[in-house]
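Next come the chains, spelled out residue by residue.
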Amino acid sequence: MNEEIDIIALQQGDPKAYQDLVKTFAKPIFNTCFYILQNKEEAEDVTQEIFVTVFQSITFFKGDSKLSTWVYRIAINKCNELLRFKKRKKRFGIHIPIFGSSIEIKTETPDELLHQDERRKVLFKAIAKLPENQQIAYTLYNLEDLSYQEIAEAMNLSLSAIESLIFRAKQNLRKSLSEFYKINEL
Amino acid sequence: MKNKEDLLKIIDEKFTTRVEMSDELKERLLNIPSISRKYRKNNWLLVAGIAVLMSLNGLAIAKKAKANKQDYIIEQYSTNTLSTDSYE
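For clarity, every value in this text was computed on a predicted model and none was experimentally measured.

**Student:** I'd like a rundown of helix α3 (residues 40–57) of chain A, residues and numbers included.
**Tutor:** All names here are of chain A. With 18 residues, α3 should reach 26 Å at 1.5 Å per residue; the first-to-last C-alpha distance of 26 Å fits that figure. Among the residues of α3, Lys40, Ala43, Glu44, Val46, Thr47, Ile50, Phe51, Val54, Phe55 and Ser57 are the ones counted as buried. N-capping of α3 is provided by Asn39, with a side-chain oxygen placed 3.0 Å from the backbone N of Glu41.

Below, the structure written as structure tokens:
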């Protein structure tokens, strides 16, 4: 991924280099955000925020890691922030509409947008219930062709921590899906 | 039971489907440098404006202080003159 982008030109503010960056990373980053956040509008907003951060802080990129790892690290941090914010809001926020029923905003989730089957719908619901780190590690592993090492670098965790996160995520998913199938007798 | 095991296989399947980005988002992403530069320019203008206002304010304070000092000296001088006169 990195080889196509001239990092020095990018740091000097070359528009062509920035266009290459967008061409290379926009789609994978958007899809990662979309699968993690499970909401198209939020994924679009976060993708924009990520690219603003990348553009503003590219001069601080020292080349210690691959450019893709660095971009993914920013993306993960942004998604994690939003996930935490949403979960905190859900825990403490009691929404009472003042004027009758609230207006429902229709957002597209992966299963709706990808016309997934019933099994996928259940899986995405179960993924959304996982702790943030497990959710991110599992999604990155299943979505992108990233190795455990790359996920570890992007999430700023050790390799063993990533292995453990993915293992626990799968265990939790197996538990949730088993319960669901038991109830629904699919 | 076997059916359930088959259903659980989905956990190990990769997400192969990708969602296309909207053209609006692509446009927004490509416009980030120009918007960012515009904001940076506006920020510099704002900082320069604040600096000008602060220096004007400083000058005004200094001028006022100088005027007050002069008034005080004149006042003191006239008081001294008056009191000297009263001795005479």
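**Student:** Describe the interface of chain A and chain B, listing the residues and the values that go with them.
**Tutor:** Taken together, the contacts link 39 residues of chain A with 26 residues of chain B. Of the roughly 3,300 Å² buried between chain A and chain B, counting both surfaces, carbon and sulfur atoms make up 62%. Between the two partners, chain A and chain B, sit five salt bridges. Its salt-bridge partner being A:Lys27, residue B:Glu20 comes within 2.7 Å of it at the nearest N-O pair. Our count for the chain A to chain B interface comes out at 14 residue pairs in polar contact (both at pLDDT 80 or more). Sorting the residues of the side of chain A that touches chain B by element identifies α2 (15–37), α3, α6 (118–128), α7 (132–143) and α9 (159–184) of chain A as the ones contributing at least two each. Grouping the amino acids of the side of chain A that touches chain B by side-chain chemistry returns 21 nonpolar, ten polar and eight charged.

Parameters at a glance
Residues numbered from 1 in each chain as written. Chains lettered and ligands numbered in written order. Predicted model: local features only at pLDDT ≥ 70, side-chain atom pairs only at ≥ 80, totals over all residues. Heavy atoms only, no water. Helix = DSSP H or I, 4+ residues; strand = E, 2+ residues; numbered from the N terminus. Expected span 1.5 Å × (residues − 1). Buried < 20%, exposed > 50% of the residue type's maximum accessible area, 1.4 Å probe, protein only. Polar contact = N/O pair within 3.5 Å; in protein donor to acceptor, adjacent residues only side chain to side chain. Contact = heavy atoms within 4.5 Å. Buried area = accessible area lost by both parts, 1.4 Å probe. Salt bridge = Lys/Arg side-chain N within 4 Å of Asp/Glu carboxyl O. Nonpolar A, V, L, I, M, F, W, Y, C, P; charged D, E, K, R; others polar.

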